[in-house]
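# Notes for the structure review
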Amino acid sequence: MALDALALDFTICLETPDLAQCILELTDRAFGPGRYVKTAERLREGSHILPDMSFVALRGGQLLGSVRMWPIDVRDGEACERIAFLGPIVVDDSCRGQGIGKALINACVEAALTKGLRAVLLVGTPGYFQSFGFEKAKGITLPGPVDPNRLMIRYSQPGLNFTGRVSKAV
């Protein structure tokens, strides 16, 4: 079921397999080949998106933006918490500033929390993502280099706090 995004001229809906190549091309244009060396990309590599939490923005059938969610685990000793890893979020250059990114982020975070996940993790700009309820992910590490100030988490409820090392979901 598609959601009209704030009565604007685009629609937010779940990603479908037929859009995979268009999403890849849009992501490559936005981030370039340098994205493949980043730690976040290592977490996505060889994994599968969470199809019920990954969304696209469309206008008349044209792809305007995309956000994907991936399953990851946060392990601390014997404890393991399955959460979602958000990214990449991408909006076509010609459509920036129209609320598309915000609508995509809201849709995927809402879907994750509705599905019962207790947190969503991302690597991003704090000044942007704090407005969505994300905070610095204290005590969580990724399996590679990342600026700890850009590692952010949104918990499903106040008072939750996970610590540990992130790995691909198994």
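Model, not experiment: these values are computed from the prediction. (Residues numbered from 1 in each chain as written. Predicted model: local features only at pLDDT ≥ 70, side-chain atom pairs only at ≥ 80, totals over all residues. Heavy atoms only, no water.)

### Let's talk about the environment of Gly 164
Examined against the element boundaries, Gly 164 turns out to sit in strand E10 (residues 164–168). Given a relative accessible area of 13%, Gly 164 falls into the buried group. Separated by 148 residues in sequence, Gly 164 and Thr 16 have C-alpha atoms that sit 33 Å apart. (Helix = DSSP H or I, 4+ residues; strand = E, 2+ residues; numbered from the N terminus. Buried < 20%, exposed > 50% of the residue type's maximum accessible area, 1.4 Å probe, protein only.)

### Things to note about the pattern of salt bridges
Following the criterion strictly, the structure yields 10 salt bridges and no others. In this structure, Asp 9 and Arg 59 form a salt bridge, with 3.2 Å as the shortest nitrogen-oxygen distance. Residue Asp 9 is found in the loop between strand E1 (3–4) and strand E2 (11–14), and its partner Arg 59 is found in strand E3 (residues 55–59); the two are separated by 50 residues along the sequence. The salt bridge involving Arg 96 is made with Asp 93; its shortest N-O contact spans 3.5 Å. One salt-bridge network, held together by shared partners, links Asp 73, Arg 75 and Arg 82. (Salt bridge = Lys/Arg side-chain N within 4 Å of Asp/Glu carboxyl O.)

### Side note on the environment of Asp 73
Examined against the element boundaries, Asp 73 turns out to sit in strand E4 (residues 62–76). If we skip the residues at most four places from it in the chain, Asp 73 touches Cys 80, Glu 81, Arg 82, Arg 165, Val 166, Ser 167, Lys 168, Ala 169 and Val 170. A polar side-chain atom of Asp 73 sits 3.4 Å from a polar atom in the side chain of Arg 75. (Contact = heavy atoms within 4.5 Å. Polar contact = N/O pair within 3.5 Å; in protein donor to acceptor, adjacent residues only side chain to side chain.)

### Considering the confidence of the model for the chain
When the pLDDT values of the chain are averaged, the result is 91; 95% of them are 70 or greater. Scored below 50 in pLDDT, residues 1–7 shows 10 contacts in the model against residues more than four places distant or in partner chains. (pLDDT = per-residue confidence, 0-100.)

### Looking at helix H1 (residues 20–31)
Its 12 residues place the ends of H1 16 Å apart at the C-alpha level, agreeing with the 16 Å of an ideal helix rising 1.5 Å per residue. On its buried face, H1 is in contact with E3, E4 and strand E5 (79–91). (Expected span 1.5 Å × (residues − 1).)

### Side note on the pairing of strand E9 (residues 151–155)
For E9, a buried count of 4 out of 5 residues is recorded, marking the element as mostly surrounded by other parts of the structure. Relative to E9, strand E6 (residues 119–123) runs antiparallel, the two sharing 5 bridges. Directly across from Leu 121, in E9, lies its bridge partner Ile 153. (Pairing = 2+ DSSP bridges.)

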